[in-house]
Amino acid sequence: MEVEGRITPVYSSAEVDRVEGQGVEALKASSKQPIPDPDVWLTEELRENIFLTTVDAVLNWSRRSSLWTVLAFPACCAFEFISAMASRWDMSRFGMEILRASPRQADLMITAGTLTWKMAPQIKRIYDQMAEPKWVIAMGACAITGGTFAQSYSVVPGYNRIIPVDVYVPGCPPRPEALLNAVRMLQDKIAKMSTVSR
Ligand code: SF4
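Treat the numbers as computed from the prediction; the structure is a model and nothing was measured. Counting restarts for each chain: residues are numbered from 1 in the order of the written sequence. Two thresholds apply to this predicted model, a pLDDT of at least 70 for residue-level local features and 80 or more for giving and counting side-chain atom pairs, whereas whole-chain, interface and lining totals are computed over all residues. Derived side-chain values reflect all non-hydrogen atoms in the structure, with water molecules and hydrogen atoms excluded from consideration.

Draft legend 1. Quick peek at the pairing of strand β5 (residues 108-112). Throughout, exposure labels follow a simple rule: accessible area from a 1.4 Å probe, protein chains only, divided by the maximum for the residue type, with under 20% read as buried, over 50% as exposed, and the rest as partly exposed. Put simply, DSSP H or I for four residues or longer makes a helix, DSSP E for two residues or longer makes a strand, and each gets a number counted from the N terminus. Most of β5 sits out of view: five of its five residues are buried. Residues of β5 alternate between two faces, with L108, I110 and A112 on one and M109 and T111 on the opposite face, all of them buried. For two strands to count as paired, DSSP must find a minimum of two bridges between them. Two elements, β5 and strand β6 (residues 135-139), share five bridges in a ladder whose sense is parallel. From the neighbouring strand, M109 faces β6, where its bridge partner is V136. Crossover β5 to β6 through helix α5 (residues 120-129) is right-handed. Note on handedness: a crossover is taken as right-handed if, strands pointing away from the viewer, the path from the first strand over the helix to the second is clockwise.

Draft legend 2. Quick look at α5. Every buried residue of α5 is listed here: A120, I123 and Y127. All buried residues of α5 lie within an arc of 65° about the axis, which places them on one face of the element. In this structure, the buried side of α5 is in contact with β5 and β6. In this description, the arc belongs to the directions extending from the helix axis to the C-beta atoms. Note on contacts: a residue pair qualifies if any of its non-hydrogen atoms lie within 4.5 Å across the two residues.

Draft legend 3. Up close: the confidence of the model for the protein chain. Confidence per residue, as judged by the predictor, is encoded in pLDDT with a range of 0 to 100. Taken as a whole, the protein chain shows an average pLDDT of 89; of its residues, 97% reach a score of 70 or greater. Ranking the elements of the protein chain by mean pLDDT puts strand β1 (residues 2-3) last with 54 and strand β7 (residues 167-169) first with 95.

Have a look at this one:
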């Protein structure tokens, strides 16, 4: 409409601003959540079967569930170990039913017995030939300190003089339950291993 040479706008600028503001507010109100990706990346079968974990968890689980013991039992504690392997205590429940005559196929040494200095080089050689990573359970008083024979000139006062020990089981001899408890303690220790720090 033209009045005295001026064009009068149909809508006032305030009205234009108000309508524009209403539009912006409506868009803001409807944009509170992100729009989901419409693409389907996984099939239903995959979505229900993927399990995420760490390399350490898988490696440590497999190592602690399949400890293979090397045959190296110098004295009488060995009979308690044999009992632990038999049906009443049944070490195979821990994946340990396989005893290896070859140290290269074993990763656990259970030092069931008195160790003399004459026998020590052979035990150390067996340990050195075992596969890495490897562990040692010192079973019985003789294995820990030399036991009854600690003052003897011929007895090693503890296996830890020649090889590193992970778990100690006291007793003369320790009962199979004590040995099984030591195995559980060793499994807990293995579960905390870090592949990177190794
Ligand atoms: S701790 Fe006792 S049972 Fe075991 S090896 Fe020594 S003397 Fe024998």
